[in-house]
Amino acid sequence: MLKKHEKLDVENLNEVISITKKLLKIGFTFAIIALIAIATYLLKTWKVFEFLKTVLIVISPVFIGLLIAWLFDPIVTAMQKKIPRLVACIVVFLVFFGGIVLLLCLLLPSFTIQVREFVTGIPNILKEIKSMLNQFFLTISGDSGIDLTSVKDQVFNSIENVGISLTTKLPDMFINIIKSIISGGMLLILGIMVGFYMLYDFKKVKYGLLDFVPKKYHTDAKELMKRLNHSLRGYIQGLFAVMFLVFITQSIGLTLAGLKAPMIFALFCALTDIIPYLGPYIGGAPAVLVGFTISPIVGIFTLISIVVVQLLENNFYQPLIMGKAMQLHPVTIIVGLLLFQHFFGIIGMIVATPVIACVKVIFTFIDEKINVMEMIREN
């Protein structure tokens, strides 16, 4: 009991409660990431991923088909109100894949020419890089008086090895790429065929997954599926739209900057944009480096182009298209990227954000059912 002359400091108490809640949320988030890290470490140690990788490659057309059906289902469902579902599926497939074929026909000739120009220009690019580095070492040695000859020789040897590797392994690399495209193309065609049939009977496919869940949990499973679907759909659809806009605007910017093979670098920037926060730097660095090997002006304009596109993405593309689809704190995403990169490499960085978002949705759903956070607060 408080004495008469004592007063309860409400402001300090509210501040302590607020800080405690924030710490609990942060701890809850890191607990989720820690559980994912432990699970992935154990699975990797037990070589479960190698087995799953083999299985996934074999049945990949099923997953490709499921992804296609899942992405197109809202459009087909909306069209089904006016036309039969079969007709809607045919129209959607013709429009989408016909548009992709048309786009490839328009861009592929120019893209092929740019690839050829870039490959033939590799020796000159490496020569310019060596010239820039030589000038850099001379400047440093002259200002500091330190002999950097051994360091310079090591760097130059590394560059020469890269050049030799590119020129000798390039034909084999192209042959392997063609083989991969043919093999992947066959899997993609099978996946498209599977996707068409899945799209036509998507309700049966969707609710068929509930057969693996006990009947008494069907209501909760449907609600969880609905939340996961909403979170992932918003992310994937938004991601594709943002990547397309980055490719278009980056192609225009790098072309105006005077960079050789701008579409190649724009495509690389768009692909690396899949990785949140770190992707733009990974994608932009090669373009800027090659730009400076051409001339300082081209390098500066290339850098400006990449910065402008990233400003457009961060301030317009992401907020307008994706909004808050993932609802994840930037620190959570960065920690997740580092963990997934450690265990799975570049593929891990690509899937880190949607996986963490799904885990968050699942844990939030579980928390609503059994009040985990409430029990933590009580204790």
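Calculation notes
Residues numbered from 1 in each chain as written. Predicted model: local features only at pLDDT ≥ 70, side-chain atom pairs only at ≥ 80, totals over all residues. Heavy atoms only, no water. Helix = DSSP H or I, 4+ residues; strand = E, 2+ residues; numbered from the N terminus. Polar contact = N/O pair within 3.5 Å; in protein donor to acceptor, adjacent residues only side chain to side chain. Contact = heavy atoms within 4.5 Å. Phe/Tyr/Trp six-rings, centres within 6.5 Å; stacked < 30°, edge-to-face > 60°. Expected span 1.5 Å × (residues − 1). Bend = angle between axes of the 7 residues up to and from the residue. pLDDT = per-residue confidence, 0-100. Axes fitted to C-alpha atoms, helices over the stretch in contact; angles between N-to-C directions. Parallel < 35°, antiparallel > 145°, perpendicular 65-115°, else oblique. Left-handed = near helix turned anticlockwise from the far one by under 90°. Nonpolar A, V, L, I, M, F, W, Y, C, P; charged D, E, K, R; others polar. Salt bridge = Lys/Arg side-chain N within 4 Å of Asp/Glu carboxyl O. Buried < 20%, exposed > 50% of the residue type's maximum accessible area, 1.4 Å probe, protein only.

Following the sequence through the fold, Ser305 ends up in helix H11 (residues 296-322). One polar contact links the side chain of Ser305 to the main-chain amide nitrogen of Leu254, over a distance of 3.5 Å. Apart from the residues within four sequence positions on either side, Ser305 is in contact with Gln250, Gly253 and Leu254.

Attention shifts here to the packing of aromatic side chains. Any aromatic ring pair is given by two values, namely how distant the centres are and how the planes are angled relative to each other. One pass over the full model with this rule turns up seven aromatic pairs. Seen from their ring centres, Phe72 and Phe93 are 5.9 Å apart, and the 75° between their planes marks the pair as edge-to-face. Note that Phe72 is positioned in helix H3 (residues 60-79) and Phe93 in helix H4 (residues 85-120), a separation of 21 residues in sequence. Between the aromatic rings of Phe96 and Phe97, the centroid separation amounts to 5.1 Å while the plane-to-plane angle is 85°, which identifies the pairing as edge-to-face. The structure contains a cluster of three or more aromatic residues connected by ring pairs, namely Phe72, Phe93, Phe96, Phe97, Phe196 and Tyr197.

This part is about H3. Between the first and last C-alpha of H3 there are 28 Å, a value that for 20 residues agrees with the 28 Å anticipated at 1.5 Å per step. Asp73 marks the point of greatest bend in H3, at about 45°, and the proline Pro74 comes within the next four residues.

The next point concerns the environment of Gly336. Position of Gly336 among the secondary structure elements: in helix H12 (residues 330-370). Separated by 300 residues in the primary sequence, Gly336 and Ile36 have C-alpha atoms spaced 9.1 Å apart. Not counting residues within four places of it along the chain, the set of residues in contact with Gly336 comprises Ala352 and Ile356.

For the chain, per-residue confidence averages 76 on the pLDDT scale, and 78% of positions sit at 70 or higher. Ranking the helices and strands of the chain by mean pLDDT puts helix H9 (residues 262-272) first, with 85, and helix H13 (residues 372-378) last, with 50.

The geometry of H9 relative to helix H10 (residues 279-294) is characterised by a closest axis approach of 7 Å and an angle of 165° between their N-to-C directions. In terms of orientation, H9 lies roughly antiparallel with respect to H10. Crossing of H9 against H10: the hand is right-handed. Touching Phe265, Phe268, Cys269 and Thr272 of H9 are Gly279, Ile282, Gly283, Gly284, Pro286, Ala287 and Val290, all from H10. Of the residues in the contact of H9 with H10, the class split is seven nonpolar, four polar and no charged.

Let us look at the packing of H3 against helix H8 (residues 218-257). Axis angle and axis distance: for two packed helices, these are the angle between their axes and the distance between the axes, and together they describe the pair. The geometry of H3 relative to H8 is characterised by a closest axis approach of 11 Å and an angle of 95° between their N-to-C directions. In terms of their interaxial angle, H3 and H8 are classed as roughly perpendicular. Residues Trp70, Leu71 and Pro74 of H3 touch H8, and the partners they reach there are Asn229, Leu232, Arg233, Ile236, Gln237 and Phe240. Here the residues of the contact of H3 with H8 sort into six nonpolar, two polar and one charged.

On to the pattern of salt bridges, then. In total, this model carries two salt bridges according to the counting rule given. Notably, a salt bridge pairs Arg85 with Asp73, separated by 2.8 Å at the nearest N-O pair. A residue pair is termed long-range when its members are at least 10 positions apart, and Arg85 in helix H4 and Asp73 in helix H3 qualify at 12 residues. In terms of burial, Arg85 and Asp73 fall into one category: buried. Residues Glu223 and Arg227 are paired through a salt bridge, measuring 3.0 Å at the closest nitrogen-oxygen approach. Linking Glu223 with Arg227, this pair stays in helix H8, spanning four residues, or about one helical turn. The exposure class assigned to Glu223 is partly exposed, which follows from its relative accessible area of 31%.

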